[in-house]
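Read off the chains here:
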Amino acid sequence: MTASAPALLDVRNLSVAVDTDEGVASILDGVNFQLAPGSIHGVVGESGCGKSTLIKAILGLLPARSRATEGSVALNGKPLFGLEQASTAHSVRGRQIGFIPQDPFLALNPVFRVGDQLLEAMWWHGAGSDDTNREKPRAQRRRAYSERIVELLRAVQLPDPELALARYPHQFSGGQRQRLLIAAALACAPQVVLADEPTTALDVTTQLQILKLLRQLTRERGVSMMFVTHDFGVVAQLCDTVTVMYAGQTVETGPVATVMEQPSHPYTRMLLACHPERSVELKGIPGAVPSPLRPPAGCRFNPRCPEVIPDCESGRPKLLPASAGRHVACFRCHAEAVP
Amino acid sequence: MKSGPILSLENVVSVYGGGRSWLGRAQPEVRAVDGVTFDVQEGEALALVGESGCGKTTLAKTVLGLLRERSGNIRLDGKLVSGLTPQQARLARMTIQYVHQDPGAALDPWWTIGHTLDETLRIHAVSDRAERARRIEEMLSAVGLDSSFLRRYPHELSGGQQRRIGLARILILHPRIVILDEPTSGLDLSVQATVLGLFDELRHQFGLTYIFVSHDLSVVRRMCDRVAIMYLGRVVELGPTEPIFRAPVHSYTRALLSASPSLTPGQLDGMPSLRDDPPSPSAVPSGCGFRTRCALADRVCSAHRPALEAVVDDAANGHMAACHHWQDGLFSSADGSLAMHGVGAQ
Amino acid sequence: MLIIRKFLRDVPAMMGFAIICTVIGIAVFGSMLVPHPHLVFESDLLRRFEPPSAEFWFGTDNLGRDIFSRVLVGTQGALTVALTVVAVAIAIGVPLGIYAGYTTGWLSELVMRVTDMFLAVPQIILALAIAQLAGRGLGSAMTALALTYWPFFCRTVYAETRRLRHSVFIEALEGLGASRTRILFAHVLPNVASPIIVRATVGMGFTILTTALLGFLGVGATAPSPDWGLAIAESREYLPDMWWAATFPGLAILFTVLGFNLFGDGLRDLIDPKLRRSRS
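This one's a predicted model, so the numbers in the text were calculated from it and none came from an experiment. (Residues numbered from 1 in each chain as written. Chains lettered and ligands numbered in written order. Predicted model: local features only at pLDDT ≥ 70, side-chain atom pairs only at ≥ 80, totals over all residues. Heavy atoms only, no water.)

### Some thoughts on helix α4 (residues 129–142) of chain B
All names here are of chain B. Under the 1.5 Å per step criterion, the end-to-end length of α4 is 20 Å for 14 residues, consistent within 8% with the ideal 20 Å. Buried within α4 are the following residues: Arg132, Arg135, Ile136, Met139, Leu140 and Ala142. When α4 is viewed along its axis, its buried side chains cluster within an angular range of 155° and face the same direction. Exposed and facing more than 90 degrees away from the buried side of α4 are Ala130 and Ser141. Those residues of α4 hidden inside the fold are in contact with α3 (113–123), α5 (159–171) and α6 (189–206). Remark: Gly144 follows α4 within two positions and exhibits a positive phi of approximately 80°. (Helix = DSSP H or I, 4+ residues; strand = E, 2+ residues; numbered from the N terminus. Expected span 1.5 Å × (residues − 1). Buried < 20%, exposed > 50% of the residue type's maximum accessible area, 1.4 Å probe, protein only. Arc of directions from axis to C-beta. Contact = heavy atoms within 4.5 Å.)

### Remarks on the nonpolar core
If you look at the biggest cluster of nonpolar residues, it comprises 127 residues, and the most contacted ones within it are A:Leu153, A:Ile182, A:Phe227, B:Leu167, B:Phe199 and B:Phe212. Ranked by size, the runner-up nonpolar core spans 60 residues in total, among them C:Val34, C:Phe68, C:Val111 and C:Phe169. (Core = buried A, V, L, I, M, F, W, Y, C linked by side-chain atoms within 4.5 Å.)

### Some details on the pairing of strand β7 (residues 177–181) of chain B
Residue and element names in this part refer to chain B. Here β7 lies mainly inside the structure; 5 of its 5 residues are buried. Of the two faces of β7, both are covered, the one formed by Ile177, Ile179 and Asp181 as well as the one formed by Val178 and Leu180. For the crossover from β7 across α6 to strand β8 (residues 209–214), the handedness is right-handed. (Right-handed = clockwise from strand over helix to strand, strands pointing away.)

### Notes on the domain arrangement of chain B
One frequent convention defines the size of an interface as the accessible area lost when the parts assemble. Examined at the domain level, chain B breaks down into domain 1 (104–174) and domain 2 (248–333). In this structure, domain 1 of chain B and domain 2 of chain B have C-alpha centres spaced 42 Å apart. (Domains from an automatic or database assignment.)

### Things to note about the arrangement of the chains
Taking contact number as the criterion, the leading pair out of 2 pairs of chains in contact is chains A and B. The two partners chain A and chain C share no contact, and the minimum distance between any of their C-alpha atoms is 11 Å.

### Notes on the interface of chain B and chain A
Taken residue by residue, the interface counts 41 residues in chain B and 43 residues in chain A. The junction of chain B with chain A conceals about 3,500 Å² of combined surface from both sides, 57% of it contributed by carbon and sulfur atoms. Where chain B meets chain A, there are 0 salt bridges. Applying the counting rule to chain B against chain A returns 8 residue pairs in polar contact (both at pLDDT 80 or more). Of all elements in the fold, only α6, α7 (217–223) and α9 (251–259) of chain B reach the threshold of two or more residues within the side of chain B that touches chain A. Broken down by element, the residue count for the side of chain B that touches chain A peaks at 9 residues, all from α6(B). (Buried area = accessible area lost by both parts, 1.4 Å probe. Salt bridge = Lys/Arg side-chain N within 4 Å of Asp/Glu carboxyl O. Polar contact = N/O pair within 3.5 Å; in protein donor to acceptor, adjacent residues only side chain to side chain.)

Structure below.
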């Protein structure tokens, strides 16, 4: 991403810690991430890399006993932090930031009609900043919002949108439910949508339908999206830019084509080499992801890294610009870049 | 001289539901596996590929003998092992073993790993304690774990370790055919590569035959010799992996392969996608099951069910497809555009 | 060790545990602690209805017997009854529940429909009827309670077994060719043990309460037994002036039942195999 375009969503040096019975666990350690307007940015990493915590931190939904220890999150240049205060979080969540959850089978309440569930968010937040319906009497307001929902359901290509309002979640297939959830995320016309592995529970042909839909909707509506996934293939298909995370740290970020074709951080390189499409001898990365209770000093990948240099344990590597528009957090890459 | 197939299925049908519960309504019948025929050669890895509801897991359980087939013949080493009660069938098919999709859940949470492995051997009447301990030790090192794991409980293992234990648990019985059900689901990429490597290694070390049930096509392409593509309980295309991945013949195979995400960036816009969702397995369309979503479909497709026939250009390889129009399909794919309905490219 | 640490942190459960230990202690050593052994069964009409005092802590009853002594001695009876009833109910209910849960077919249906029928009738009314038929006495009260309490175990175990039957590890065992006996007793039973233990603990308290109720209604223990329920029944007509005669046996029931319930609730949270650690 270019330095000139101001970021819509700007996460700087964000660290999140959780108090557990066995001590303080450092889940995020100085995460940096910028979402440019109108783009789809993938956040990819293996389990334990902190990608779901990142989403929760941005949404102000960090679970009890966890807290942001440093850093900031800004939307449109306005800091979101202090989001722990529920009132602010409530007005930002849903209204300015939409959220598409992971499992379409669990995310809808089975005992309510989907129309009512979609209506609820708009009832609280209104349908975007230019919403004139908020002042209207109840019945009119309800009708106006119902029309908007039908319009949204048509936009997400759900068959028979008028009839869908009166149906219950179990009457929809997994792909259809995910379409409903996308409509819900877009209901209040947010500028940013966070998607947490929205296609993981779906079959590949359904996944393709949903990815194409997301691509189309973000283009048509000028919405930016942060797409969290563990699947490099999905990132390659969908995203413009990508951030790779490992054990709570940002490892590498940049345009998808560059990162996928010429990864420069040792972790990104080794991970991509594990993909069955590229792997020569089917060998994984030796070692395991460190426990967040006792993370290694400095770069958290250093115990598994074959190219470790003494600097690696000295401190958290900074995310510095490297070749081809990307940023890398690796002491060795930094050292090699400076002649 | 080529020996016969180690496992052969002939027109196997497996049905869910049906009957009625006590004082209840009659349950609708679902033909989850509907007339499947194929052979498995000794030492090969055959992939069963398809989306949820296509019947691949039901087929695996039927082969294993956990579900009773409604009709059709299953031969193991040329010997008929179908038409038995589930208990008898399972006994007759003991050389076939199954690794669960979630091997962690396949372990009793109250038992240590050592206890579980030991029990497996006791079920199979290995009464000598020292013999059991020796075989367990041997198998643990074969799957790359040390004996300290014997004292652990299932929830103390990582995903990769659980897969290894799942494998050790059945390999200890010296099976010849191993059914791997979604063996990489839920594994991280870096762990997945190691586990796949282990599968390869064990297959050669023990001369195993794999039936690989998966929806991850990049894994299948990497691991398997032959592929059977399933849709709504039927095999729609069958053949060696590379020819099928390079030149798929059935419209469904083509849709499935093109939807599978690859590492080459940014092809989303050009990809055709299938319309709608698959029909419910309890209401399979007449004739060809795929006709409701297929661009080549016509009256013949709804009237007659296509048989699995050799694809002429590729018959020597054993490439087969069940489609009335596979030749048209080949023709129209020549100019690079896949003939399919769908949410068109923008 | 994690289990013990977790349990020590659970204050209500620890209170329950302390109460149960005290009650068991009294049941075992009660006869030695009794301050007036001769006033347990023998009456002393000169001392009728003496209020609580330094000599008679809980006062005396309508026959001049020491209530404190009688409450202590009655503990053993209450616990024995509860243990026997729960043990018999488990012995009937658990095997039936496992069988019905694991198999399908008319026999399984029959077992469950009979269970449902038992559960549909209030236990106390059924127990009253059975006890009446069997004749007055503690033995018939116990029989009545055991015969009406097993359906609770059967239901619980049935539901758990049904859930386990479709769990992956049971399927895996079937795939490995394990016999049904092995699956049921080595794998299903330990996994349904936690709800059984919880139900049994709560059931102990519940049974003590119901025994007392049967005693109160006159179909349980017979005079001159120091049964708590009977004691309340006997002193009922002297209320509210001679309040101590009914209050102290009542408090004994209250504390014992409370102890079992608190402990049972604590156990419910505790029994989870995920808390098991191989090393530590």
